[in-house]
Amino acid sequence: MNTMSLSPLFRRSIGFDRLNDLFETAMHNDVPSYPPYNVEKYGENDYRIAVAVAGFGEGELDVNVEKRVLTISAGKNERDGQQQVQYLHQGIAQRAFKLSFRLDENIEVQGARLENGLLIVDLLRVVPEEQRPRQIPINGAQQRLSDTSVSHAAQGDATRGETVETAHA
């Protein structure tokens, strides 16, 4: 029996669960394997992307946000005036790359920093007040209809020749 893992769908989107966009992204087999990265969630509204960028300096890395797409890219600068290196073994890949992440409209990029060979991009979900969950109080003794709606109903019944009495507390 074959099982299907949906984890590749969730690696490329941060902060929202729109299945159509996720499936569309999954249909394109352009999920990069280089450089390795983590997408992390801390609490309800804090996210972090950590990209392994060993061998790259701050000047060689670019982090941009345009139209809710976060793009992290790097290109290795040529070494001017230095001797050409002959590698006996090159295990640290220092090739150019470009990673893109779609961000929900409520996700803001807080900043980026380089720590111990990792590029860390901090993200924050800022939920507008109208989208936040709110508690609705239950008032058992409160009248459901306002006096104006009761009086409008009484006027409508009176036009049909019926007598309607309204009680006011």
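Keep in mind that what you see is a predicted model, and the values were worked out from it rather than measured. (Residues numbered from 1 in each chain as written. Predicted model: local features only at pLDDT ≥ 70, side-chain atom pairs only at ≥ 80, totals over all residues. Heavy atoms only, no water.)

Draft legend 1. Expanded view of the nonpolar core. Judged by nonpolar contacts, the single largest core of 19 residues is most densely connected at I49, V51, L70, I72, F97 and L123. Those elements that provide at least two residues to this core are strand 3 (46-52), strand 5 (69-74), strand 6 (97-103) and strand 8 (118-125). Here this core gets 4 residues from one element, more than from any other, and that element is strand 6. Excluding anything up to four places from it in sequence, F97 contacts Y34, P35, V53, F56, L61, I72, S73 and A74. (Core = buried A, V, L, I, M, F, W, Y, C linked by side-chain atoms within 4.5 Å. Buried < 20%, exposed > 50% of the residue type's maximum accessible area, 1.4 Å probe, protein only. Helix = DSSP H or I, 4+ residues; strand = E, 2+ residues; numbered from the N terminus. Contact = heavy atoms within 4.5 Å.)

Draft legend 2. Inspection of the pairing of strand 7 (residues 107-115) at higher detail. Two elements, strand 7 and strand 8, share 8 bridges in a ladder whose sense is antiparallel. Looking at strand 8, one finds that I107 is bridged to R125. In this antiparallel pair of consecutive strands, strand 7 and strand 8, the connection spans 2 residues, and N116 shows a positive phi of 50 degrees. (Pairing = 2+ DSSP bridges.)

Draft legend 3. Broad picture of unusual backbone geometry. Positioned with a positive phi, K67 is a non-glycine residue whose angle comes to about 55 degrees. Along the polypeptide, K67 turns up in the loop between strand 4 (61-66) and strand 5. Phi at R68 is positive, roughly 60 degrees, even though this residue is not glycine.

Draft legend 4. Molecular detail of the confidence of the model for the chain. Of the residues in the chain, 60% have a pLDDT of 70 or more, and the chain-wide mean is 76. Mean pLDDT values for the elements of the chain range from 55 in helix 3 (residues 147-158) up to 95 in strand 3. (pLDDT = per-residue confidence, 0-100.)

Draft legend 5. Molecular detail of the pattern of salt bridges. Under the defined criterion, the tally for this structure stands at 4 salt bridges. Two residues, E105 and R68, come together in a salt bridge whose shortest N-O distance is 4.0 Å. One end of the pair, E105, is in the loop between strand 6 and strand 7; the other, R68, is in the loop between strand 4 and strand 5, and 37 residues separate them in sequence. Exposure remark for E105: the relative accessible area of 48% places this residue in the partly exposed category. For R68, a relative accessible area of 41% puts it in the partly exposed group. Salt-bridge contacts for D122 lead to R113; the nearest nitrogen and oxygen are separated by 2.4 Å. Since its relative accessible area comes to 30%, R113 is described here as partly exposed. Taken together, the shared-partner salt bridges connect R48, R113, E115 and D122 into one network. (Salt bridge = Lys/Arg side-chain N within 4 Å of Asp/Glu carboxyl O.)

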